[in-house]
Amino acid sequence: MTGPSGIARTAAGRPCREELALNPDVPRDAEARPCADAMRSDAGERGAECAAATGMPAFAGVPAASPAGAASDADEGGRDTDAPSRLSPSVYGALDLGTNNCRLVVAKPSRRGFVVVDAFSRIIRLGEGVQATGQLSEGAQKRTIGALRICADKMRRRGVTRSRLIATEACRIATNGASFVDRVENETGLVLEIVGRETEAKLAVSGCASLLDRACDWALVFDIGGGSSELIWLDLRKIGPDWKRSIQSRAGIQNAIAAWTSLPLGVVNLAERHGGRDVTIENYEAMVEDVATALAGFESQYRFGERVAPDRAHFLGTSGTVTTISGIHLGLPRYDRSRVDGCWLRATDVRRVSNDLIAMSYAERIAEPCIGRERADLVLAGCAILEALLRTWPCQRLRVADRGLREGILTTLMAEDGHDGKTSRRRRRRGRGGAKDSGGKPSHAKSPKGKPPSHQG
């Protein structure tokens, strides 16, 4: 082929501690007060519902110009000074239903990207056992529909006007994937779109484009999922010196794709094949060998190992595997997205953490605060996939992205609708002058019976 969780503010308008964690643009000396519920990011696999719990308005952002992504503006008093949401009814929803996780983010366009107004993440293990049976089990379907009902409610309450709701590998390969999609629509009102691997790869690239190091010539963007792993080599020389981190530019980064592949290997099916609880160095190496074998054909065709100088290239990983490794490397007592998203690791750092995890028992991995019970039997499979990538392409630097498909969906939808810094500023000026906002027409009307709208294609 050629080419985060909803954040509450205090009643006094000051950002709570969780907003400070997600929004690096908020002054560090701002007084922070705890939210009612402790926040866990996507890598922690629990959706935080601070705003819902406290009844306070939600506000969050991830600045495009910083290591944390695409974002909001707040003045020193904690008020939203960008506020496109007050002038435009556009509210976007992005849902990624994977083999292992169900993730939702709801956002509004802003001057430099978007502000997140709500989010949800839960491990549902939809693809559990599908490799052996070829079908999504009844238990997995029920777990997933329970999570999707929460997502539907969030989208409805937030007034989502345009959305894209995608399902990936588990639904792609299951013989009952299409019937499950119908069941989801009947029981939740959500219309899922089963996307191909190429679409998944492109969305992953757009979702983390703002973290690319423009001093490099090449970057490997990878997304280690539950049932598949997407790998995309970018030729950064194609994007030119005037590349900006705007919505339009991040969507256009797909033009720099030099080659991509999707491996039918992820943390769930690899752990099911080799065992995930009691992992020895022998079965860890067997996992690495499986992945290396799957990579061989792609590398023999494109020979990036010969074309890419290690000091002129970097990895950019977007998955629970890399965020977990980063959290452990940093010694975090609990997962902290503001420390992880955008941070750099050396290959030696990655291998040291992986070796430490191999030496741990299953119970010890559960006790690790950045892993927990829900990921303890999957984390070493993810480490094995990453190790195979490092052996195939010996880049020495890895950047960590706590973002991915959902952000790619938002970026693509907003770019299609023409949201960028200029349009946001024009809308603000019109709003202040009392003129009717021309951007007020929603992309999609609400669907019948209160069902949240969906966008496909």
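Just so it is clear, the model here is predicted, and its values are computed rather than measured.

Asks: Mind showing me how you'd approach the packing of aromatic side chains here?
Replies: Aromatic ring pairs are described here by two measures, namely the spacing of the ring centres and the angle between the planes. Counting across every chain of the model gives nine aromatic pairs. Consider the rings of Trp218 and Trp233, whose centres lie 6.4 Å apart with planes at 80 degrees: the pair is edge-to-face. With Trp218 in strand E7 (residues 218–224) and Trp233 in strand E8 (residues 229–235), the pair connects residues that are 15 residues apart, well separated along the chain. With respect to burial, Trp218 and Trp233 carry one shared label: buried. Their ring planes at 20 degrees and their centres at 5.8 Å tell us that Tyr302 and Phe304 sit as a pair that is stacked. Assigned by exposure class, Tyr302 and Phe304 land together as buried.

Asks: What should I look at first to understand the packing of helix H4 (residues 138–158) against helix H6 (residues 177–188) in this one?
Replies: Between two packed helices, both the angle of their axes relative to each other and the distance between the axes serve to describe the pair. The N-to-C vectors of H4 and H6 enclose an angle of 45 degrees; their axes lie 10 Å apart at closest approach. One element, H4, and the other, H6, form an angle in the oblique class. By crossing handedness, the relation of H4 to H6 is classed as right-handed. On H6, the residues that touch Glu138, Gln141, Lys142, Thr144, Ile145, Leu148, Arg149, Ala152 and Arg156 of H4 are Phe180, Arg183, Val184, Glu187 and Thr188. Partitioning the contact of H4 with H6 into residue classes produces five nonpolar, three polar and six charged.

Asks: Just checking my understanding: could you explain helix H9 (residues 267–274) for this structure?
Replies: Every α-helix winds through 3.6 residues per turn, so residues three or four apart in the chain are directed the same way. If you check which residues of H9 are buried, you get Val267, Val268, Asn269, Leu270 and Ala271. Taken from the residues just after H9, Gly275 is the one with a positive phi, measuring 95 degrees.

Asks: Just to check I follow, could you spell out the sheet that holds strand E9 (residues 257–263) for this structure?
Replies: Within a sheet, adjacent strands bond to each other through the backbone by hydrogen bonds, running parallel or antiparallel. The mixed open sheet is built from six strands, whose spatial order is E9-E8-E7-E10-E12-E11. Whereas interior strands pair on both sides, the edge strands pair on one side only; in this sheet they are E9 and strand E11 (344–346). Sheet twist, expressed as the mean angle between neighbouring strand axes with direction ignored, is 20 degrees. With six bridges connecting them, E8 and E9 associate as antiparallel partners. Of the residues in E9, the one forming a bridge with Ser229 is Leu263. Helix H12 (residues 320–329) contacts E7, strand E10 (313–317), E11 and strand E12 (397–400) of the sheet and is inclined by roughly 100 degrees relative to E12.

Asks: How should the nonpolar core be read in this particular structure?
Replies: Side chains of a nonpolar character, in soluble globular proteins, are inclined to be buried together. Residues Phe222, Trp233, Tyr284, Phe304, Phe315, Leu386 and Trp393 are the most contacted members of the largest nonpolar core, which totals 59 residues. Sequence-distant contacts of Trp233, that is, excluding residues within four places in its chain, are made with Trp218, Ala219, Leu220, Ala256, Ile257, Ala258, Ala259, Phe298, Phe304, Val308, Trp393 and Cys395. Listed in part, the 30 residues of the second largest apolar core include Leu97, Leu126, Leu165 and Ala167.

Reading the values: the criteria
- Residues numbered from 1 in each chain as written.
- Predicted model: local features only at pLDDT ≥ 70, side-chain atom pairs only at ≥ 80, totals over all residues.
- Heavy atoms only, no water.
- Phe/Tyr/Trp six-rings, centres within 6.5 Å; stacked < 30°, edge-to-face > 60°.
- Helix = DSSP H or I, 4+ residues; strand = E, 2+ residues; numbered from the N terminus.
- Buried < 20%, exposed > 50% of the residue type's maximum accessible area, 1.4 Å probe, protein only.
- Axes fitted to C-alpha atoms, helices over the stretch in contact; angles between N-to-C directions.
- Parallel < 35°, antiparallel > 145°, perpendicular 65-115°, else oblique.
- Left-handed = near helix turned anticlockwise from the far one by under 90°.
- Contact = heavy atoms within 4.5 Å.
- Nonpolar A, V, L, I, M, F, W, Y, C, P; charged D, E, K, R; others polar.
- Pairing = 2+ DSSP bridges.
- Core = buried A, V, L, I, M, F, W, Y, C linked by side-chain atoms within 4.5 Å.

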